[in-house]
Amino acid sequence: MVPTPTVPRLLVVSAGTANSLLPSIHEVARRVWPEIDVLTGSVSPTPAAGASAGRALGRLLDEVRPDLVLSTHPVATAGLAWLRRYRGFGLPTASWDPATGPAELERAIHRLATTPPRPGPRALPASDALFAHVDTPDVPQHVGTVLVFEPGPVPTIDHTATMLTSVPGSLGRLLPATATRPARWEPVPGRPASANVDAVTAVDLESAVDGFFSVPLRAEHAVSAARIVTGLADGRSALLVKLHHALGDGMTVLQALLSDTDDAEKLPWASRPAVPMGGGGAPGLRAGLRPVLSGLWRLAAAGRAPHVTTDGPVPDARRHHSLGLLPGRAVRSGARAAGVAAADYVLAAFAQAWHDVGRDPGDRFRLMVPWSVRGTDSLRVAGNHTGAVSVDLPVGPMDFAVRVRRVAEALRSRTETGVPEAANLVVQVLGVLPPPLHRAAARCVYRGDWFNAVGTVMPGPRREVRWHGAVMSGAYPVLALAPGTGLAWGALTWGPWIAVCVTARADLSDVADAVTARMADLVAGAPVRELP
């Protein structure tokens, strides 16, 4: 029998009300799953077209997030078939006509119990396809994390493989767009999750991180990989995870990671993400037309990014990763004193660090900040649900307190005027282009001409996190470089710390190390010095 969650959720779909059927369905289902949760939903019986029923059913699936689906009407069955064909739907399903009686219901429940999930091929949504289009061997589009564990239990290959499977699509592969077919994800039947996991021994964590993330994923073969690192000098161990950016954004990775921890039910965002079935719609239009028009104007008016010393072609996939820890309490205290958000304060610390060690005479550094446009309907779904917010950070000479205030003002001038929504809408519109034009447009908009680096500050758990008994004391977010840029960085709240990872071209390792160290010094209270 196929294993299911401790309390599986069975969705019974009808084309009207199914309440009268619930007692008999519940009785039969409980013989297989004693604690099963039976839910009901319905689709309109007209029109009977599979596409209409499929879209309506997709929205219902995104809302309910079942583990199993039982159809009791031909329209619902047609909708499930449409989702399977066009959106890769793969949950176990069965159909039962109530007129056939309890014997057929028994058989339908048996099919549900013995059918494994089988996700099918699907076209990538525009926001995910963008990263498939810009991915190259020299500039691979990976997102990932460096998980650090205190001395004690060590991650195992089996546990790591299970964690990988919590990210939808992690065991598949990507097929590039052709002249007539958009970029697609497809499963790789028979591949065990453990095939994507290996283990090494290393003394130095950063060297192990550099080696792992400097090897590109071959997306046409695999879109995920993980490495267990033991033997670190301080007695700790680590787990390195990388995923193709087309699978999802930072929120997708965070949700998947937390959903597999020991006390996931107590952690915010610890909900295993699922591939959206209802279609993403146009998140950029949720706020209304006026903010979007305002955002479009600001996007157009921004123009090209200023030139900084880290700009230029990325010659190969070799990367350096500088890991740092900022005291979370000091960040929040400094932010409160300045009257800004903690994320603003971290952005300002980066701007100050760049001014101090960046060896750049300019007074602006354009940071592209991925800004979530998730709504209540997309909080728990996989994929990329962001709008790019380009912020001109002030990096000229000034007092740090002034810089903090100006950074917060610059960010608000973008996020509160429709820029994230407009940027997301542009990405959605590009997705309607024929595949070759979509690929060309993606490569035009996502490159160093328009920003100098990608950077983000993410919330995370402030309590202790354990995974199979091991204390997960750190989680560093790893971002990919964009074409034409030499830096990217991410910050994530984890326990008492804000973990920072600055990714750089291998020849810029000294810059990455200096920026990370300076950010830590600033937050810890080191005096700000102005360079002549």
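Use the structure listed above.
Conventions adopted
Residues numbered from 1 in each chain as written. Predicted model: local features only at pLDDT ≥ 70, side-chain atom pairs only at ≥ 80, totals over all residues. Heavy atoms only, no water. Helix = DSSP H or I, 4+ residues; strand = E, 2+ residues; numbered from the N terminus. Rg over C-alpha atoms; globule rule 2.2 N^0.38 Å. Buried < 20%, exposed > 50% of the residue type's maximum accessible area, 1.4 Å probe, protein only. Core = buried A, V, L, I, M, F, W, Y, C linked by side-chain atoms within 4.5 Å. Contact = heavy atoms within 4.5 Å. Axes fitted to C-alpha atoms, helices over the stretch in contact; angles between N-to-C directions. Parallel < 35°, antiparallel > 145°, perpendicular 65-115°, else oblique. Left-handed = near helix turned anticlockwise from the far one by under 90°. Nonpolar A, V, L, I, M, F, W, Y, C, P; charged D, E, K, R; others polar. Lys, Arg positive; Asp, Glu negative; His and termini not counted. Salt bridge = Lys/Arg side-chain N within 4 Å of Asp/Glu carboxyl O. Patch = residues over 30% accessible without salt bridge, like charges linked within 9 Å, V, L, I, M, F, W, Y side chains within 5 Å. Areas by Shrake-Rupley, 256 points an atom, 1.4 Å probe, with all protein chains shown as cover. Pairing = 2+ DSSP bridges. Phe/Tyr/Trp six-rings, centres within 6.5 Å; stacked < 30°, edge-to-face > 60°. Lys NZ or Arg CZ within 6 Å of the ring centre and 35° of its normal.

**Student:** Could you clarify how one ought to interpret the overall build of the chain in this entry?
**Tutor:** For the chain, the count of helices and strands is 15 helices and 19 strands. For a compact globule of 532 residues, the expected C-alpha radius of gyration is about 24 Å, and the chain comes in at 24 Å, within 12% of that figure. Principal-axis analysis of the C-alpha atoms places the extent of the chain at approximately 85 × 55 × 45 Å. When the 532 residues of the chain are sorted by exposure, 53% land in the buried category.

**Student:** Even after reading the chapter, I still don't get unusual backbone geometry, so can you show me in this structure?
**Tutor:** Trans peptide bonds make up the majority, and among non-glycine residues the majority have a negative phi. Phi at Arg65 takes a positive value of approximately 55°, unusual for a residue other than glycine. Along the chain, Arg65 falls in the loop between α2 (50–64) and β3 (68–71). Even without a glycine there, the phi angle at His468 is positive, about 50°.

**Student:** It is not clear to me how the nonpolar core should be interpreted in this structure. Could you clarify?
**Tutor:** One broad rule of soluble globular proteins: the nonpolar side chains tend to lie buried together. Among the nonpolar cores identified, the biggest contains 42 residues, and Trp489 and Met519 are the most heavily contacted of them. Counting only elements with at least two residues in this core, the list comes to α10 (328–338), α11 (342–357), β13 (364–372), β14 (386–394), α12 (400–415), β18 (487–494), β19 (497–505) and α15 (509–524). Top contributing element to this core by residue count: α11, with ten residues. Apart from residues no more than four positions distant in its own chain, Trp489 is found in contact with Val346, Leu347, Phe350, Leu367, Val454, Gly455, Thr456, Val457, Leu479, Cys501, Val502 and Met519.

**Student:** I keep staring at the packing of α11 against α12 and nothing clicks. Help me out?
**Tutor:** A packed helix pair is summarised by two numbers, namely the angle formed by the two axes and the spacing between the axes. Where α11 contacts α12, the two axes come as close as 9 Å, and the packing angle between them is 120°. Here α11 lies oblique to α12, going by the angle between them. Relative to α12, α11 is oriented so that their crossing is right-handed. In this structure, α11 contributes Asp344, Tyr345, Leu347, Ala348, Ala349, Ala351, Gln352 and His355 to the contact, and α12 contributes Phe400, Arg403, Val404, Val407, Ala408 and Leu411. Split by residue class, the contact of α11 with α12 holds ten nonpolar, two polar and two charged.

**Student:** How do you make sense of the side chain of Asp128 when you look at a structure like this?
**Tutor:** Counting through the fold element by element, Asp128 comes out in helix α5 (residues 126–134). Among buried Asp, Glu, Lys and Arg side chains, Asp128 stands out as unpaired, with Arg122 the closest opposite charge at 5.0 Å.

**Student:** Just checking my understanding: could you explain the environment of Gly120 for this structure?
**Tutor:** Looking at where Gly120 falls in the secondary structure, it is placed in the loop between α4 (102–114) and β5 (122–123). Leaving out residues up to four positions away in the same chain, Gly120 has contacts with Gly88, Phe89, Trp185 and Pro187.

**Student:** Can you walk me through the environment of Ala225 in this structure?
**Tutor:** Position of Ala225 among the secondary structure elements: in strand β10 (residues 224–230). Residues Ala225 and Leu164, 61 residues apart in the sequence, show an inter-C-alpha distance of 8.0 Å. Apart from the residues lying within four places of it in its own chain, the contact partners of Ala225 are Leu164, Asn196, Phe212, Leu217, Leu240, Val241 and Lys242.

**Student:** In this structure, what is going on with a nonpolar patch on the surface? I would like to understand it.
**Tutor:** A grouping of Leu289, Leu293, Leu296 and Val426 is seen on the molecular surface, where their side chains present a nonpolar patch of about 330 Å² in accessible area. Counting residues per element, the nonpolar patch draws most heavily on helix α9 (residues 289–302), which supplies three residues. You can see Leu296 is positioned in helix α9.

**Student:** I would appreciate a short explanation of the sheet that holds β5 in the present structure.
**Tutor:** One key point about sheets: their strands pair by backbone hydrogen bonds, in either a parallel or an antiparallel sense. Strand order in this open sheet of three strands is β5-β8-β7, and the pairing throughout is antiparallel. Of all the strands in the sheet, the pair left with one neighbour each is β5 and β7 (172–175). Strand direction decides the pairing type here: β7 and strand β8 (residues 184–187), joined by four bridges, are antiparallel. Across the sheet, Gly172 pairs through a bridge with Pro187, a residue of β8.

**Student:** Got a minute to help me understand the packing of aromatic side chains in this structure?
**Tutor:** How two aromatic rings sit relative to each other is given by the distance of their centres and the angle of their planes. In the structure shown here, the tally under the stated rule is nine aromatic pairs. Residues Phe350 and Phe365 carry aromatic rings whose centres are separated by 5.4 Å and whose planes lie at 70° to one another, so their mutual orientation is edge-to-face. Of the two residues, Phe350 is situated in helix α11 and Phe365 in strand β13; the sequence distance between them amounts to 15 residues. The pair Phe350 / Phe365 is uniform in exposure class, with both members buried. An angle of 25° between the planes, with centres 5.0 Å apart, marks the rings of Phe350 and Trp489 as stacked. Here Trp489 lies in strand β18 and Phe350 lies in helix α11, a separation of 139 residues in the sequence. On the basis of relative accessibility, which here comes to 1%, the residue Phe350 falls in the buried class. Three or more aromatic residues joined by ring pairs form one cluster here, namely Phe350, Trp354, Phe365 and Trp489. Positioned over the ring face of Phe212 is Lys242, at 4.4 Å from the centre of the ring. In this structure, Arg304 is placed above the aromatic ring of Trp450, and the distance from its NZ or CZ to the ring centre is 4.9 Å.

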